[in-house]
Amino acid sequence: MFYILSFLTLSAITNAFSGVSLRQHFLYHHNIAPSSLLLQQASSEAESPPAKKLICTFDADDFALPTGDWPYTDADMGRLDTSDDSLFYEESRFVKHIDDRAIDALTNFYKNEFSSVAKGETTTSHDLSILDLCSSWISHLPSGVIDGSGRIVGIGMNEKELAANKQLTEYYVQDLNKNPTLHQFEDNSFDAICNVVSVDYLTKPREVFQEIHRLLKPNGIALMSFSNRCFATKAIAMWLQADDIGRLTMLASYFHYTAEWSSIEALDIMPAKLEAPTSPKLGDMLKDPNKALAWMNTAAAVQKSNNGDPMFVVKAVK
């Protein structure tokens, strides 16, 4: 359980802990060394199920206010660029917003989660109904997820990007910051609702998360993922001011304040860091320079991988 006794805004957090940072508070209560906070020891990438590390779970007592209240202000949701979002997303961007290792981690995580949901129903992971919020030309879903009669719906801002997404069975162009109501869908329509590295752009998260709860089937899952990249001019102020732990808590609070959930948890879904190769002895490198070159290339590749994008998920079960 993650004890957040007074989570309102970043300033409220600072005041609540009397100069002790949220990160230090988390470390103290969970007895985790700082160096292992975000990358704990885990199974290798090749193991199944995919490596995912539980950072913490959230209970109602962790929050300052009860479900139904809303502690955030318009200032918290303010952005540097207040122009119409349709102008920003008018130009198609066929780019990846996280690196390949983070994408692989997210796809493997989805595969495991969708399989778990399917086990509780009279269906398979190929027949699930999934809603991808803030969707684009790629949804990072596992291959084969729509081989059956599954329904994969995308909500996004750029029609060309959505039309290019081969995993979607249908899509809608909709600005959730103008119209957060998803009236085109009936209650209890989806097994899973996802949002990939875009929740930080929502200026009406209360309404969106209320809709997420309405649209999910009983025992359905909501998966809100994020990394450390964003379009800073379009991200909300509160997001830019927080660190990773603060952002995990923020998303958990969105769930808590908008509806009653069976569970809310924060996850680090990246595999454990790769082990650096042992340097050859100087004499061996002098005798065979190729050994030195191979070691340097491998060490550089490991360092690049370990310094790649992180990937976090806040998961809620209806």
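What counts and what doesn't
Residues numbered from 1 in each chain as written. Predicted model: local features only at pLDDT ≥ 70, side-chain atom pairs only at ≥ 80, totals over all residues. Heavy atoms only, no water. Helix = DSSP H or I, 4+ residues; strand = E, 2+ residues; numbered from the N terminus. Buried < 20%, exposed > 50% of the residue type's maximum accessible area, 1.4 Å probe, protein only. Contact = heavy atoms within 4.5 Å. Areas by Shrake-Rupley, 256 points an atom, 1.4 Å probe, with all protein chains shown as cover. Expected span 1.5 Å × (residues − 1). Pairing = 2+ DSSP bridges. Axes fitted to C-alpha atoms, helices over the stretch in contact; angles between N-to-C directions. Parallel < 35°, antiparallel > 145°, perpendicular 65-115°, else oblique. Left-handed = near helix turned anticlockwise from the far one by under 90°. Nonpolar A, V, L, I, M, F, W, Y, C, P; charged D, E, K, R; others polar. Core = buried A, V, L, I, M, F, W, Y, C linked by side-chain atoms within 4.5 Å. Phe/Tyr/Trp six-rings, centres within 6.5 Å; stacked < 30°, edge-to-face > 60°. Lys NZ or Arg CZ within 6 Å of the ring centre and 35° of its normal.

**Student:** How should the overall build of the protein chain be read in this particular structure?
**Tutor:** Regarding its fold elements, the protein chain presents 10 helices and 8 strands. Considering the protein chain as a whole, with its 318 residues, one finds that 48% of them fall into the buried category. At a minimum sequence separation of 6, the contacts of the protein chain that also span at least 24 residues come to 76%. Here the protein chain has roughly 15,200 Å² of accessible surface; of this, 52% comes from carbon and sulfur atoms.

**Student:** Looking at this structure, I do not really get helix α4 (residues 100-119). What am I missing?
**Tutor:** Owing to its 3.6 residues per turn, the α-helix brings residues three or four apart onto one side. Spanning 20 residues, α4 covers 29 Å between terminal C-alpha atoms, matching the ideal 28 Å at 1.5 Å per step. Among the residues making up α4, those that are buried are R101, A102, I103, A105, L106, T107, F109, Y110, E113, F114, V117 and A118.

**Student:** Sorry, what's going on with the pairing of strand β7 (residues 263-268) here?
**Tutor:** Along any regular strand the residues' side chains alternate between the sheet's two faces. Of all the 6 residues making up β7, 5 are buried; the element is thus mostly covered by neighbouring parts of the structure. Note that strand β1 (residues 53-58) and β7 share 5 bridges and pair antiparallel. Bridge assignment links L54 to a residue of β7, and that residue is L267. Bridge analysis of β7 against strand β8 (residues 312-317) gives 6 bridges, and the strand direction is antiparallel. Looking at the pairing, S263 lines up with V317 of β8.

**Student:** Would you mind going over the packing of helix α6 (residues 205-215) against helix α8 (residues 244-258) with me for this structure?
**Tutor:** When two helices pack together, their arrangement is given by the angle between the helix axes and by the axis-to-axis distance. Two elements in contact, α6 and α8, have axes separated by 9 Å at closest approach and are oriented at 70°. Taken together, the axes of α6 and α8 are roughly perpendicular relative to one another. In this structure, α6 crosses over α8, and the sense of that crossing is right-handed. Between α6, through P205, R206, F209 and Q210, and α8, the contact on the second element is made entirely by L251, Y254, F255 and T258. Along the lines of polarity and charge, the residues of the contact of α6 with α8 split into 5 nonpolar, 2 polar and 1 charged.

**Student:** Help me understand the nonpolar core in this model?
**Tutor:** Most often, soluble globular proteins keep nonpolar side chains buried together rather than apart. L131, L133, F209, I212, Y254, F255 and W261 are the most contacted members of the largest nonpolar core, which has 49 residues in total. In this structure, L133 is in contact with I155, L176, L182, I193, C194, N195, V196, V208 and I212, ignoring residues within four places of it in sequence. Grouped together as the second largest cluster of nonpolar side chains are 28 residues, I130, A192, I221 and L267 included.

**Student:** Whenever I open this one, the environment of T107 confuses me. Can you help?
**Tutor:** On the secondary structure map, T107 appears in helix α4. Put simply, T107 and H140 are 33 residues apart on the chain and 5.5 Å apart in space, counted from C-alpha to C-alpha. Setting aside anything within four residues of it in sequence, one finds T107 in contact with H140, L141 and P142.

**Student:** Hey, could you run me through the packing of aromatic side chains in this one?
**Tutor:** To describe a pair of aromatic rings, you give the distance between the ring centres and the angle between the ring planes. Summed over all chains, the structure comprises 19 aromatic pairs. Judged by centre distance (5.0 Å) and plane angle (80°), the ring pair of F88 and Y89 falls under edge-to-face. Looking at Y89, the relative accessible area reads 19%, which means it is buried. Both rings, one in F255 and one in W261, keep their centres 5.0 Å apart while their planes meet at 80°; by these two values the pair is edge-to-face. Taken as a pair, F255 and W261 share a single burial class, namely buried. Clustering of aromatic rings is evident, with ring pairs tying together F58, F63, W70, Y72, F209, Y254, F255, Y257 and W261. Above the ring of F88, the side-chain terminus of R93 is found at 4.4 Å from the ring centroid. Directly above the ring of F231 sits R93, whose terminal nitrogen or CZ lies 5.2 Å from the centroid.

Limitation: the analysis is restricted to geometry and does not speak to function.
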